[in-house]
Each structure stands twice: as structure tokens, then as C-alpha cells.
Amino acid sequence: MAKRIILGAVALLLVIAAAYASFFVAPTERTMGDIQRIFYFHVGSAWAAMDAFFVCFIANLLYVWKRQQKYDSLAVSCAEVGLVLTTVVLITGPIWAKPVWGIYWTWDARLTSTFVLWLLYISYLLLRSLIEEADRRALLSALFGIFAFIDVPLVFFSIRWWRTQHPAPVIMGGSGSGLDPTMNKVFFFSVFAMHVLAAFLIVERYVLEQMRHDIELLQREAEA
Amino acid sequence: MKNLGSVFAAYLIGWSVFFLFYITIAKRTSDLRSEIERLKNSLPRGK
């Protein structure tokens, strides 16, 4: 419990420090101006979401292979946190887009694949809520989760494979891409802060899922 | 300082989403803790 409180406090401090750095340390971008400061929060959340979905994918594979309940708990925890992070990405993106593109939304490859990703993980959680029996729920949702992850590389590569309204990558985007050195430091600090926040939320959600499992065991015991 | 209001709005909404999610986890955890206690008490002693 104490470790979880410390992790939560560290996550909170890091997120506050990242926001401070985004507003007061990072220089103002020449073309877009202050609105570009959303970048640190938006992309930090997006990277943390992708990594949460990746851990979810690994946990789903491990569940199918080993059939251990802890992997199911980890998978659902990561899926839920990844979904929350993607929700933040889908909210902050249009707020950034409006002054820059003149529109909140367009159905280009990046935005559409991200929206589909959001829908896929909502479906994953809905599927879980529809199946009563624990083992069947874990197996079917693990299989669906493995399928849903196919969209993650599609989101990542969409701005590399197709011409999109969404900007081309500035990080790992090849020659001609890149950030100002101070922006780069603030960006990676923000990414780190969002990952610590995601880790904290996953741990909290995992504890909840384990308690749910304990209840199922106690209910079986009570019925026996 | 153009569009700074939108930047604040984006951060505020984003943080609110995380905070609300954490509140739902805390609420669900508290409900389950009570449920576990109730079930433990309902089980026959010695089990």
C-alpha cells in the first residue's frame, strides 16, 4: 500500500513538473505559437497509451499460453488505462487542430485509425462485461485483445505510409525531422511522466481486478 | 500568448479525465473491499 501511495505521489509530481516544463521551459514554436504546447501532453499520452496496449497484448498472449488469472487481470488493467489515455489523445488532438488546421476533425488515416483503436478497446471491455463465467471471459477477451492490437502498429505507421492531415512524425521520422534540443528534453520528460502516471493507474486497476477475483473465489466457497 | 486558453483547456480536460478515472477505481475498490468483508463474515467460522 505504501509503495502504491509513493508511486502515486511521484506520478503526480512528475505530471505537474511536465506541465510546468511545457508551459515555461519549452520555447514557443515559430509557426504554430503557444498552441503547440499541447504537443507534450498529447503525444506523451499517445505513447503511454500505445505502451499500455502493448503490455495488454503481451498479457493476453501469456494468458492464452499459460491460462493464469494474473495475466487476465494485467490485460484488462492495461486495456482500461490505455483507453483512458487514448480518450485524452482524442480530446486534446482536436483542441490543437482547430486553430492550426481550421477544423477539429478530419477522417485521415491517423485520426481514423486512432478512433478505431478507441472503439476496439471499448468493445474489448464490453465483451468482458457480457460474459459471466470467469475462464471463458478471460479466454475470449484475450483472443479479442490480441486481434485488437493489430490496430496499434497501423496507428503508428499511418503517418509514415499515407499522406495525412496529421503532421508527419517529428520523433523517429527520419532525415529532416526532429525537435529543438530544449523541446526534445521537455518532450521526453513529458513522455516519462505520462508513463509513470500510466504505471500508477495500471497498478491501482490491477489491485481492483485481483479483489474482484477474490470475491469470485469467496462466492464459490460460500455456495459450496 | 495566442490560443493559450485552448492549451489550458486541453491540459485541464486531460487531467480531469485521469482524475475521474482514478476516482472510479478508488470507488470500485472501496465497494469491493466492503463486499469481501461481507462475504468473509457470511462464511461459516473455521473456513
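It should be noted that the structure appears before, not after, this text.
Since the model is a prediction, treat every value here as computed from it, not as a measurement. (Residues numbered from 1 in each chain as written. Chains lettered and ligands numbered in written order. Predicted model: local features only at pLDDT ≥ 70, side-chain atom pairs only at ≥ 80, totals over all residues.)

**Q** So what about the overall build of chain A? Which residues, and what values?
**A** Per the secondary structure count, chain A includes seven helices and zero strands. From first element to last, N terminus to C terminus, chain A shows the α and β order α-α-α-α-α-α-α. Expressed along its principal axes, the backbone C-alpha trace of chain A runs to roughly 70 × 40 × 30 Å. When burial is assessed residue by residue, chain A has 36% of its 224 residues classed as buried. Summarising the internal contacts of chain A: among those between residues at least 6 apart in sequence, 77% fall at separations of at least 24. (Helix = DSSP H or I, 4+ residues; strand = E, 2+ residues; numbered from the N terminus. Buried ≥ 20, exposed ≤ 12 C-beta atoms within 10 Å, placed from the backbone. Contact = placed C-beta atoms within 7 Å.)

**Q** A description of the packing of helix α2 (residues 38–66) of chain A against helix α1 (residues 4–42) of chain B should follow, citing residues and the corresponding values.
**A** Running from amino to carboxyl end, α2 of chain A crosses α1 of chain B at an angle of 30°, the nearest separation of the two axes being 9 Å. Put simply, α2 of chain A runs roughly parallel to α1 of chain B. The handedness of the crossing between α2 of chain A and α1 of chain B is left-handed. Touching I38, F41 and S45 of chain A of α2 of chain A are V7, A10, Y11 and G14 of chain B, all from α1 of chain B. Here the contact of α2 of chain A with α1 of chain B is composed, by residue class, of five nonpolar, two polar and no charged. (Axes fitted to C-alpha atoms, helices over the stretch in contact; angles between N-to-C directions. Parallel < 35°, antiparallel > 145°, perpendicular 65-115°, else oblique. Left-handed = near helix turned anticlockwise from the far one by under 90°. Nonpolar A, V, L, I, M, F, W, Y, C, P; charged D, E, K, R; others polar.)

**Q** Mind laying out the interface of chain B and chain A, listing which residues take part and the relevant values?
**A** Taken together, the contact pairs 27 residues of chain B with 30 residues of chain A. Split into classes, the residues belonging to the side of chain B that touches chain A amount to 16 nonpolar, five polar and six charged.

**Q** Let's hear about the nonpolar core: which residues, and what values?
**A** A52, A75, C78, L85, L197 and A198 of chain A are the most contacted members of the largest nonpolar core, which totals 59 residues. Going through the elements one at a time, α1 (2–25), α2, α3 (69–101), α4 (109–130), α5 (134–148), α6 (151–161) and α7 (181–223) of chain A together with α1 of chain B are the ones with two or more residues in this core. If you tally residues by element for this core, the top one is α2 of chain A, at 15 residues. Beyond its immediate stretch of four places on either side in the chain, A75 of chain A contacts C56, A59, N60, Y63, A142 and G145 of chain A. (Core = buried A, V, L, I, M, F, W, Y, C linked by C-beta atoms within 7 Å.)

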